[in-house]
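Chains, contacts and geometry: an overview
Listed below are the residues making up each chain.
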Amino acid sequence: MMHTVHLIRRGAEIFVGALMACMFLTFILQITIRYTARLSWIAEAVPLLDPSRYGWTLEFCLLLWIWIIFVGCAFVVRDEDHVTFDMISGHVRPGLRRWFIILGGLAIAIGLAASILPTWDKFYILRLKKTATLSGLFGDWIRMRDIYSVYMLFLVVVTLRSAWEVWRAIRGQVPAPGDGMAGPEA
């Protein structure tokens, strides 16, 4: 089980890294186009650098950013990497800390699970909305639902991760203050 989790996390790290590289290259393209746009002779000499062809870059960077954030938070960022307010839970006995983990994990799991169906209903509307500029890059098939679909994955995965954390705490696997519970290192 932990080997599978490690492989999924490693694959997600590679995927997010590739998205970050793609975002960086798109950003460099934006800068290049921005600074050559004032020189009309460049667009005439090199039609590929015509600024009117690159309106998609901003929306594409936003798409990549959304996917980086939600895939990264669902699969790459470990529980111990999150900022936590553990001034109280870090100074109580392990039995009480266990209850903090159970109640906190249940609150997160229940809250996110409760938002899955309403979010899915909103995605039904997003299937109709086209992007402003990405159809020029990807074709007319891409919809806003496709861009934001990663959020559904995020909801499901983080709900399961929180439920797993609760399960581990119920079984008595409570980390010492400052230690994490998720991932193959635990």
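Quick caveat, the model's predicted, so the values are computed rather than measured. (Residues numbered from 1 in each chain as written. Predicted model: local features only at pLDDT ≥ 70, side-chain atom pairs only at ≥ 80, totals over all residues. Heavy atoms only, no water.)

**Some thoughts on the nonpolar core**
Counting residues in each nonpolar core, the largest one holds 27 residues, and the members touching the most others are Phe 60, Leu 63, Leu 134, Ile 147 and Leu 155. Residue contacts for Ile 147: discarding those within four places in its chain leaves Leu 63, Ile 66, Trp 67, Thr 131, Leu 134 and Ile 142. (Core = buried A, V, L, I, M, F, W, Y, C linked by side-chain atoms within 4.5 Å. Buried < 20%, exposed > 50% of the residue type's maximum accessible area, 1.4 Å probe, protein only. Contact = heavy atoms within 4.5 Å.)

**Here's the deal with helix α3 (residues 56-76)**
If you check α3, its first and last C-alpha atoms are 28 Å apart, about what 21 residues at 1.5 Å a residue would give, namely 30 Å. All of the buried residues along α3 are Trp 56, Thr 57, Glu 59, Phe 60, Cys 61, Leu 63, Leu 64, Ile 66, Ile 68, Val 71, Gly 72 and Ala 74. Close packing links the buried residues of α3 with α1 (2-36), α5 (135-138) and α6 (144-170). (Helix = DSSP H or I, 4+ residues; strand = E, 2+ residues; numbered from the N terminus. Expected span 1.5 Å × (residues − 1).)

**What about the side chain of Thr 119?**
Inspection of the secondary structure assignment puts Thr 119 in helix α4 (residues 94-126). Residue class for Thr 119 comes out buried when judged on its relative accessible area of 13%. Among residues more than four places away in sequence, those in contact with Thr 119 are Tyr 151, Met 152 and Leu 155.

**Digging into α1**
End to end, α1 covers 51 Å across 35 residues, agreeing with the expected 51 Å (1.5 Å per residue, within 8%). All of the buried residues along α1 are Arg 9, Ala 12, Val 16, Leu 19, Thr 26, Gln 30, Ile 33 and Thr 36.

**A look at the confidence of the model for the protein chain**
Confidence in the prediction for the protein chain averages 86 pLDDT; 94% of positions are at 70 or higher. Predicted confidence for residues 181-186 stays below pLDDT 50, and this span has 20 contacts to residues more than four positions away or in other chains. (pLDDT = per-residue confidence, 0-100.)

**Some points on the packing of α3 against α6**
Where α3 contacts α6, the two axes come as close as 8 Å, and the packing angle between them is 10°. Considered as vectors, α3 and α6 are oriented roughly parallel to each other. Between α3, through Leu 63, Ile 66, Trp 67, Phe 70, Val 71, Cys 73, Ala 74 and Phe 75, and α6, the contact on the second element is made entirely by Asp 146, Ile 147, Tyr 148, Ser 149, Val 150, Tyr 151, Leu 153, Phe 154, Val 157, Val 158 and Arg 161. Each residue belonging to the contact of α3 with α6 can be placed in one class, and the counts come to 16 nonpolar, one polar and two charged. (Axes fitted to C-alpha atoms, helices over the stretch in contact; angles between N-to-C directions. Parallel < 35°, antiparallel > 145°, perpendicular 65-115°, else oblique. Nonpolar A, V, L, I, M, F, W, Y, C, P; charged D, E, K, R; others polar.)

**Quick look at the pattern of salt bridges**
Counted according to the given criterion, the structure contains four salt bridges. The partner of Lys 130 in a salt bridge is Asp 140, and the shortest N-O contact between them spans 3.2 Å. Linking Lys 130 in the loop between α4 and α5 with Asp 140 in the loop between α5 and α6, this pair joins segments that are ten residues apart in sequence. For Lys 130, a relative accessible area of 44% translates into the label partly exposed. Residue classification places Asp 140 among the partly exposed positions, given a relative accessible area of 47%. (Salt bridge = Lys/Arg side-chain N within 4 Å of Asp/Glu carboxyl O.)

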